[in-house]
Amino acid sequence: MIKLNYTIEGGDFSRAGYASSQVKKNLKQLGVDQKIIKNIVVALYEAEVNIVAHAQKGNIEVLISPTGVKMIVSDQGPGIVDVGQAMQVGFSTASEKVRQMGFGAGMGLPNIKRNVDRLDIETKVGKGTTLTMIKDF
Amino acid sequence: MKVTELVEKLQLKVFTASAGLENEITGGYVSDLLSDVMGHAAEGNAWLTLQNHLNVVAIASLRELACVILVKNIEPPADVIQKAIAEDVAILGSSEQTFELAGKLYSILT
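Here goes a summary of the coordinates provided. (Residues numbered from 1 in each chain as written. Chains lettered and ligands numbered in written order. Predicted model: local features only at pLDDT ≥ 70, side-chain atom pairs only at ≥ 80, totals over all residues. Heavy atoms only, no water.)

1. Some points on the pairing of strand S3 (residues 68–76) of chain A
Residue and element names in this part refer to chain A. For clarity, the cut-off: Two strands are counted as paired when DSSP detects at least two bridges linking them. Numbering of helices and strands runs from the N terminus, with a helix taken as a DSSP run of H or I at least four residues long and a strand as a DSSP run of E at least two residues long.
Sheet analysis places strand S2 (residues 57–65) next to S3, joined by 9 bridges and oriented antiparallel. Following the sheet pairing, Ile 60 is matched in S3 by Val 73. Remark: 2 residues form the turn of the hairpin made by S2 and S3, two consecutive strands paired antiparallel. Across 9 bridges, S3 lies against strand S5 (residues 128–136) in antiparallel orientation.

Dropping the structure here:
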């Protein structure tokens, strides 16, 4: 079992993608199937961007076992008022600044869901959100 | 087709020295929504966009795109160039607008 840990600062777009790129390198070294790596990278990148775009700070824990990857992404942030709405393509609460960068199109969570085998969202408004994503090899 | 051949055919500006110039181009993708590119572009695609910040490099690198082509004379800032070179991502530039450039790219690649 390999365990990787990353801390993400809210608002720091220059670092978004760092954790995804490190996880990608690890999975490549382990010889994981390209398509599965792609799925994991897309999901984790979106989760990273969500922290940067919405939260004050967050933490990513990635557990790689022989049978798959579990990613736990938790943040201290605004939480999600209506998860069902947030899962709809096109719904976003991103700021104008974030939208101008080409994010905030309401595709993040749907992208995550399409790319993992299991997605659990635990959220408390005003406190934060934890995503647990599982992708089997 | 290699990126370097495309540079010649479309008279593109190269912002990132020799980074990624030997990549093979398998197709193209046109979008300014980053999650759309992340979710739907394919490996080896040439990505046409007007976005020119650091996350463009992150996405091109993570998704293993062949190159990024900035349209209508948009130039990447210095930090973007630096990161792109470090990640071996080719960032190219064109004076044309997206529609015209995409049309040319399409006819070259198909």
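From this point, the discussion proceeds with the structure in view.
2. A closer look at helix H2 (residues 34–54) of chain A
Residues and elements named next belong to chain A. The condition is simple: An expected span of 1.5 Å times one less than the residue number is assigned to each helix. The classification of residues rests on relative accessible area computed with a 1.4 Å probe and restricted to protein chains. Under 20% of the type maximum is buried, over 50% is exposed, and intermediate values are partly exposed. Polar contact is defined as a pair of N or O atoms within 3.5 Å, subject to the rule that within protein one atom must be able to donate a hydrogen and the other to accept it, and that residues adjacent in sequence are counted only when both atoms are side-chain atoms.
The end-to-end C-alpha separation of H2 is 30 Å, in line with the 30 Å expected for 21 residues at 1.5 Å each. Counting buried positions along H2 gives 15 out of 21 residues, so the element sits mostly inside the fold. The N-cap residue of H2 is Asp 33: its side-chain oxygen and the backbone nitrogen of Lys 35 are 3.1 Å apart.

3. Topic: the interface of chain B and chain A
Stated precisely, the cut-off is as follows: Any two residues whose heavy atoms approach within 4.5 Å at even a single point are treated as in contact. Summed over both partners, buried area is the accessible surface (1.4 Å probe) that two parts give up on being assembled. We count a salt bridge whenever a side-chain nitrogen from Lys or Arg sits within 4 Å of a carboxyl oxygen from Asp or Glu.
The interface of chain B with chain A comprises 20 residues on the first partner and 22 residues on the second. Roughly 1,700 Å² is buried in total at the junction of chain B and chain A, and carbon and sulfur atoms are behind 55% of that figure. On the chain B side of the contact with chain A, B:Ser35, B:Asn55 and B:Leu62 bury the most area, a combined 33% of that side's loss. Scanning the region where chain B abuts chain A turns up 2 salt bridges.

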